[in-house]
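# Breakdown of the fold
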Amino acid sequence: MNGVFDWQMMAVSGIKYSVLGTSLRLPTLSVSLTLLLSIFLLPAVAKDSRPNILFIMSDDHGYQAISAYGSKVNKTPNIDRLAKEGMRLDRCFVTNSICGPARAVILTGKYSHLNGYTVNEKVFNGQQQTVPKLLQASGYQTALIGKWHLGSDPTGFDHWHILQGQGPYYNPAMKTAKGIVKHTGYTTEIITDLTLDWLEKGRDKEKPFFLMYQHKAPHRNWQPGPKYLDHYKDVEIPEPETLFDDYSGRASPAAKQKMSIANDLTDDDLKLSPPKGLNPEQLEAFTKAYQEENDFLKRARFTKEGFIRWKYQRYVKDYLRCIDAVDDNVGRVLDYLDKSGLAENTVVIYTSDQGWYLGEHGWYDKRWMYEESFRTPLFIRWPGKIKPGSVNTDMAMNLDFAETFLDIAGVKVPTDMQGKSLVPLLTGNTPTDWRKSVYYHYYEFPQPHHVHPHYGIRTERYKLIHFYTIDEWELFDLEKDPQEMKSIYAEEGSKAIVEELKKGLVGLRKQYEDQE
Ligand code: CA
């Protein structure tokens, strides 16, 4: 062992020497020899010790529903572990706040207009360069388990076992390279079982792994698992301050959306009709759990406001029940990493594909550049590298994930990726020229939620949004108005800042090659 170590050291110092003095023939020759010998000797003694990367992503998990971010509505002790043992990033933004497009950004490190996946009904072009492909080529074992939702089959993964499309909350038939596999049970638990099984039996122990463990939950229509049906039963969930936003402080699009708790939740969403695809036992438990409240609803005489409040409680409780299962199952995986000894050399990331409205502005869903859906949770644990309990407030983006993974793995980042590695931030060394603004672009319209396309720029203090198909603008002062209730775009005193932000916006659109 020592002998090999010495050979490598000689080779390394020799390279330096030969670079510094290329005219010296003899040392260069001996360097080539030592290099050859060390390469020949290496595989017998050293396995690839680069860190494993476990990427945990849920779907539609807003930061407001994570206790490490100060949630007023729930507790997430297992996700919080990653904050305690690693870093909590308070300002991670997405480039396009919607499921499939966000996933495509993470895979490619490119904005939607360049990776081609702008709206959910697109099919992801798996022929293009992606981070799993680059990691795989560098010697990582790559695996994907859970939600994928990109239309085409995954590429760049040694192993995959995915939900078909959105996938159901119960009894999913999942897709693998060999065909469809039917499962019985609760999807959040099944995805975790498959993940633990792969970690235990599917892993090539000679290689580091890149594992994407991706939940469907807590995506609409929020069906809790059998163990979680009675959570929050006798609890009143606090309402957000902006539940009754009347949109009078904004441009026209906010009032025209179809994603309000008041008007757009269906009987399925509210569990007023029994879920489909459950077996008799599951259906009985499910029906029983909602019976009392549904009976109450039949007798109740609500005011308009009272009915919105009732719907908010029912919606948010189901949403939180789904998160309780995600949190428990993240805990199972973290426990496995500890028990197996993998934790020490595994970088664990927890995030969501985007943020979410838990009743803020009267909404569920995502899409807008307003903070709740624009920001996404992000925790990263990296033993020995990240100081436990650290917090970062620099502007990070999901656009940065691909480059961050490559940086962690020591793989060269392709020049056409558009993000920046977060590794310097993780180690407390934010570069002085780190981004001071973020560019956003949302496309999907009109279906399903009638949110007008928009792009915009967010700086430390301001957010300028352009609903470009109808040429309407909004400007928010996030310092004075953190809930974004009143656009000051048209105010006389805003002229200078509007001009400055418009310049910044043009610059970002040019930088990211967004000419649409
Ligand atoms: Ca989503």
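Keep in mind that this is a model prediction, so the values were computed, not measured.

The secondary structure content of the chain amounts to 14 helices and 16 strands. When the backbone C-alpha atoms are referred to their principal axes, the chain occupies close to 95 × 65 × 40 Å. Per-residue burial for the chain yields a buried fraction of 59% across its 516 residues. Restricting to contacts in the chain with at least 6 residues of sequence separation, those with at least 24 account for 68%. Of the charged side chains in the chain, 63 are positive and 67 negative; the average position of the first set lies 2 Å away from that of the second.

Quick look at the domain arrangement of the chain now. By the assigned domains, the chain splits into domain 1 (3–40) and domain 2 (52–222 + 312–421 + 429–511). On a C-alpha basis, the centroid separation for the pair domain 1 and domain 2 is 44 Å.

A few words now on helix α14 (residues 495–511). Look at α14: 24 Å from first C-alpha to last across 17 residues, which is about the 24 Å you get at 1.5 Å a residue. Regarding α14, the residues found buried are Ile497, Val498, Leu501, Leu505, Leu508 and Arg509. For α14, the buried positions fall inside an angular range of 105 degrees around the axis, keeping them on one side. In α14, the exposed positions that point more than 90 degrees away from the buried face belong to Lys495, Ala496, Glu499, Glu500, Lys503, Val506 and Lys510.

The two faces of strand β10 (residues 378–381) match: Leu378 and Ile380 on one face and Phe379 and Arg381 on the other face are all buried. With 2 bridges joining them, strand β2 (residues 87–89) and β10 adopt antiparallel strand pairing. Within the sheet, the bridge partner assigned to Arg88 lies in β10 and is Phe379. As defined by bridge partners, strand β9 (residues 346–352) adjoins β10 across 4 bridges and the pair is classed as antiparallel.

In this fold, Tyr247 is placed in the loop between β8 (209–214) and α8 (253–256). For Tyr247, the contacting residues outside a window of four places in its chain are Ala254, Ala255, Gln257, His361, Gly362 and Trp363.

This next bit is on unusual backbone geometry. Following Ala217, the chain continues to Pro218 via a peptide bond in cis, the omega torsion being -5 degrees. As for its placement among the helices and strands, Pro218 is situated in the loop between β8 and α8. Here the residue pair Arg220 and Asn221 is connected by a cis peptide bond, since its omega of 10 degrees sits within 30 degrees of zero. As for its placement among the helices and strands, Asn221 is situated in the loop between β8 and α8. For Glu484, which is not glycine, the phi dihedral falls at a positive 55 degrees. As for its placement among the helices and strands, Glu484 is situated in the loop between β16 (472–477) and α14.

Checked against the element boundaries, His113 lands in helix α5 (residues 112–115). Among the polar contacts made by the side chain of His113, one reaches the main-chain carbonyl oxygen of Glu513 at a distance of 3.1 Å.

The subject of this paragraph is helix α9 (residues 280–299). With 20 residues, α9 should cover 28 Å at 1.5 Å per step; its first-to-last C-alpha distance of 28 Å lies within 8% of that length. Gln291 marks where α9 bends most, by close to 45 degrees. By the burial criterion, the buried members of α9 are Gln282, Phe286, Tyr290, Asn294 and Leu297. Elements that come into contact with the buried residues of α9 comprise α10 (304–340).

With that settled, consider the pairing of β16. Taking burial as the measure, the 6 residues of β16 include 5 buried ones, the bulk of the element. Adjacent in sequence and paired antiparallel, strand β15 (residues 462–467) and β16 are bridged by 4 residues, among which Asp471 carries a positive phi angle near 45 degrees.

Analysis parameters
- Residues numbered from 1 in each chain as written.
- Predicted model: local features only at pLDDT ≥ 70, side-chain atom pairs only at ≥ 80, totals over all residues.
- Heavy atoms only, no water.
- Helix = DSSP H or I, 4+ residues; strand = E, 2+ residues; numbered from the N terminus.
- Buried < 20%, exposed > 50% of the residue type's maximum accessible area, 1.4 Å probe, protein only.
- Contact = heavy atoms within 4.5 Å.
- Lys, Arg positive; Asp, Glu negative; His and termini not counted.
- Charge placed at Lys NZ, Arg CZ, Asp CG, Glu CD.
- Domains from an automatic or database assignment.
- Expected span 1.5 Å × (residues − 1).
- Arc of directions from axis to C-beta.
- Pairing = 2+ DSSP bridges.
- Polar contact = N/O pair within 3.5 Å; in protein donor to acceptor, adjacent residues only side chain to side chain.
- Bend = angle between axes of the 7 residues up to and from the residue.

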